[in-house]
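# Examination of the molecular architecture
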Amino acid sequence: MLTAVQATRRSLGYFRSVSNYGINSGHQQANVVILPNHLAKDFEEFCRRNLAPLPLLYHSRSGETSCTPLARNADIRTDISQYHVYEEGCLVKTVSSLQSYFAQPSAAGAASQQQPAPQDPWSDMVCFYLGCSFGFEDHLRKAGVPVRNVEQGTNVSMYRTAVRCVPAGVFSCLLVVTMRPVPAAMLDAAVEVTHLNPLAHGAPVHIGDPGQRGIRALFVQDELLLSCLTLSHANSVAITTGFPTHHMQSPPDETDGPPGAIAMATMLLSLGKQVTMVMDRRALEMNQAIIDEAVSTGVLKNAIPIVTFEESSPDSALHFLCHHGDPKKPRYDHLVAIERSGRAEDGNYYNMRGVNVKHLVDPIDNLFLAAKDIPGISTTGIGDGGNELGMGGLRDKVRTMMPNGGLIACDVPADYAITAGVSNWGGYAVACGLYLLHTCPSHQRYRLRGLAAEQTTPQEQLQDWTANLPSVDKEESILSTLVRFGIRSGKTGNLAMEVDGLTFHPTHSDIITRLLDVTLGRNTLNP
């Protein structure tokens, strides 16, 4: 099963290099899967049962090298720049020509009259030509619908969902989708254009919340609420962030993480908590400058200390977390990691592409591990891909659901794992959740154990809490600061006002606005 599915997905990267020709000339792009004859019948039925993800343009006869209905004078053995060869579901080699892989009999062997010539291995192979979404991109542009991946010169974003395709014979897999941001006013045009192109996957399978496609599979019910409840009781909170995904850039960090960390920090400060930031030593000076600017621009309520952690002895984590290394005297009662590189099972730290960035990461994971044995310290991890610190409790789901999941999955758990489409959104949600709890009379009674006289929150204090919620202006300001420091978007590497390939306007600004509408009781949300 993986032989065909993996080959289909991997072939996208190589077809991208020739896709502009197809876009500009009106040709239909195709992905190609080549299988031995004994698998062909099952795979054809698999395509028939899953017409949207596997639109079958043509399948060849055994041994056929051409595809006359699709292209004249084609030879599938040589017309693609690179081929991935799988055996027993595993990638074994990459070749530039299938003529060299399916070696012909030698001249000497062919000339021998004593033994019959061996059969050409290609004669047992069947080619399947599958439609590709690149085929409708030019139609979208002509209809005035922006195609972001074309504008940015990158491949389209692809996700493995939790939705299962209809199985057939030996073939079964999870549905893989592309996600394309479309302005709301242009949705009708986008649906109409793609509906008219069924051989390029056709109309959208979902519009709206991407979690409903199955990407939500990492979501754990009530983790946000439980984390906020615990944080509301905390007095001293340590927050860590920093994911050096762009290991070839300087700085290597991404724009996801710091905005969410600062949004939580300023709300915690407003609620009277002590807040400390724990950062990598390599980025200490830069992060101090970012914090200083956040304070001067009003994004962060007050300056907060930034510290580093380096392990010099077996009890370094204990001494960092507790006064004099005494577990009965913790310095912090809650640790929060947001979009922070998380240690994998093999001890390395991987970005979503499977690149090891361990040399850029301090062992802050050890603080979360040590905290498990210290009464009174709770932990929260916030992530969006499963390779972030604190996502260890979800590692089985990450291995199954996420690309490269078996390699990148974080192995270090937190007490609470908050997942979001973008980690910053999780940080904004924590800030809003804390506001809601502290403005709730029932929770205030609960928080104080009913031991203090019930009091109405002073209007001045309520205004301060409200002023320290995330806002479009503040989050745009801190993102602008990060960009000026050379910090790039995680997915694209663009030095621009975007996070994880999504531009601040309209995507992130809309999420912030919707969170504020819910938090402040403004009933203006669309369903």
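On a predicted model such as this, the values are computed, not experimentally measured, just so you know.

## A closer look at the confidence of the model for the chain
Summary statistics for the chain give a mean pLDDT of 86 and a share of 87% for residues scoring 70 or more. Taken as a whole, residues 1-25 scores under 50 in pLDDT and shows 62 contacts with residues more than four places along the chain or in a different chain. Confidence drops under a pLDDT of 50 for residues 104-114, and excluding neighbours within four residues, the segment shows 2 contacts in the predicted structure.

## With respect to the sheet that holds strand β1 (residues 30-36)
Across the sheet, 3 strands lie side by side as β1-β5-β2; this open sheet has antiparallel pairing. Sheet topology places β1 and β2 (56-59) at the edges, where each strand pairs with a single neighbour. Neighbouring strand axes in the sheet, compared pairwise and without regard to direction, differ in orientation by 20° on average. The sheet contact formed by β1 and strand β5 (residues 125-131) spans 7 bridges and is antiparallel. Bridge pairing in β5 places Ile-34 opposite Cys-127. Contacts from helix α2 (residues 37-49) reach β1, β2 and β5, with the element oriented near 140° to β1.

## Observations concerning the side chain of Ser-489
With respect to the element layout, Ser-489 can be found in the loop between α18 (472-484) and β14 (498-499). A polar contact of 3.0 Å, which involves the side chain of Ser-489, links it to the side chain of Glu-498. Beyond its immediate stretch of four places on either side in the chain, Ser-489 contacts His-246, Thr-255, Asn-494, Glu-498, Val-499, Asp-500 and Gly-501.

## Brief notes about empty space enclosed by the protein
Tallied over the full model, the rule gives 5 cavities of 30 Å³ or more. Lining the largest cavity are 15 residues, and of these Thr-241, Gly-242, Asp-253, Met-279 and Asn-287 sit closest to its centre. For the lining of the largest cavity, the elements supplying multiple residues, two or more each, are β8 (236-242) and α10 (284-296). Considering every element that reaches the lining of the largest cavity, the biggest residue donor is α10, with 3 residues. A breakdown of the residues in the lining of the largest cavity according to their chemical character gives 7 nonpolar, 3 polar and 5 charged. A volume near 60 Å³ is recorded for the second largest cavity. What lines the second largest cavity is simply Thr-241, Pro-258, Ile-262, Met-277, Met-279, Asn-287, Ile-290, Ile-291 and Leu-482. Looking at the lining of the second largest cavity, the elements that each hand over two or more residues are α9 (258-270) and α10. In terms of residue count, α10 provides more of the lining of the second largest cavity than any other element does, 3 residues in total. Tallied by class, residues from the lining of the second largest cavity come to 7 nonpolar, 2 polar and no charged.

## Quick word on the nonpolar core
Soluble globular proteins tend to bury their nonpolar side chains together. Counting 53 residues, the largest nonpolar core has Ile-239, Ile-262, Leu-300, Ile-304, Val-430 and Leu-434 as the members making the most contacts within it. Excluding residues that lie within four positions of it along the chain, Ile-239 makes contacts with Ala-261, Met-264, Ala-265, Leu-268, Val-275, Thr-276, Met-277, Val-278, Val-336 and Ile-338. By size, the runner-up hydrophobic cluster in this structure holds 28 residues, among which are Ala-238, Phe-320, Leu-321 and Ala-370.

## Thoughts on the packing of helix α5 (residues 134-142) against helix α7 (residues 187-195)
For the pair α5 and α7, interaxial distance at closest approach is 9 Å and the crossing angle is 135°. Comparing the axis directions of α5 and α7 gives the class oblique. As for how α5 packs across α7, the hand of that crossing is right-handed. Counting all contacts with α5, which are made through Phe-136, His-139 and Leu-140, the residues of α7 involved are Ala-190, Val-193 and Thr-194. The residue makeup of the contact of α5 with α7, split by class, is 4 nonpolar, 2 polar and no charged.

## Comments concerning the sheet that holds strand β13 (residues 416-419)
Read from one edge to the other, the open sheet built from 6 strands follows the order β10-β9-β8-β11-β12-β13, with strand pairing classed as parallel. Edge positions in the open sheet fall to β10 (306-307) and β13, since each of these has one partner strand only. Alignment of β8 against strand β11 (residues 334-340), held across 6 bridges, turns out to be parallel. Residue pairing across strands places Gly-242 opposite Arg-340, the latter belonging to β11. Its contacts with the sheet place α9 against β8, β9 (274-278), β11 and β12 (378-383), and it is angled at close to 165° to β8.

Reading the values: rules and limits
Residues numbered from 1 in each chain as written. Predicted model: local features only at pLDDT ≥ 70, side-chain atom pairs only at ≥ 80, totals over all residues. Heavy atoms only, no water. pLDDT = per-residue confidence, 0-100. Contact = heavy atoms within 4.5 Å. Pairing = 2+ DSSP bridges. Helix = DSSP H or I, 4+ residues; strand = E, 2+ residues; numbered from the N terminus. Axes fitted to C-alpha atoms, helices over the stretch in contact; angles between N-to-C directions. Polar contact = N/O pair within 3.5 Å; in protein donor to acceptor, adjacent residues only side chain to side chain. 1 Å grid on protein atoms, 1.4 Å probe; cavity = no way out; pocket = protein on both sides within 12 Å on 5 of 7 lines; lining within 4 Å. Points joined across faces, edges and corners; volume = space filled by probe spheres on them. Nonpolar A, V, L, I, M, F, W, Y, C, P; charged D, E, K, R; others polar. Core = buried A, V, L, I, M, F, W, Y, C linked by side-chain atoms within 4.5 Å. Buried < 20%, exposed > 50% of the residue type's maximum accessible area, 1.4 Å probe, protein only. Parallel < 35°, antiparallel > 145°, perpendicular 65-115°, else oblique. Left-handed = near helix turned anticlockwise from the far one by under 90°.

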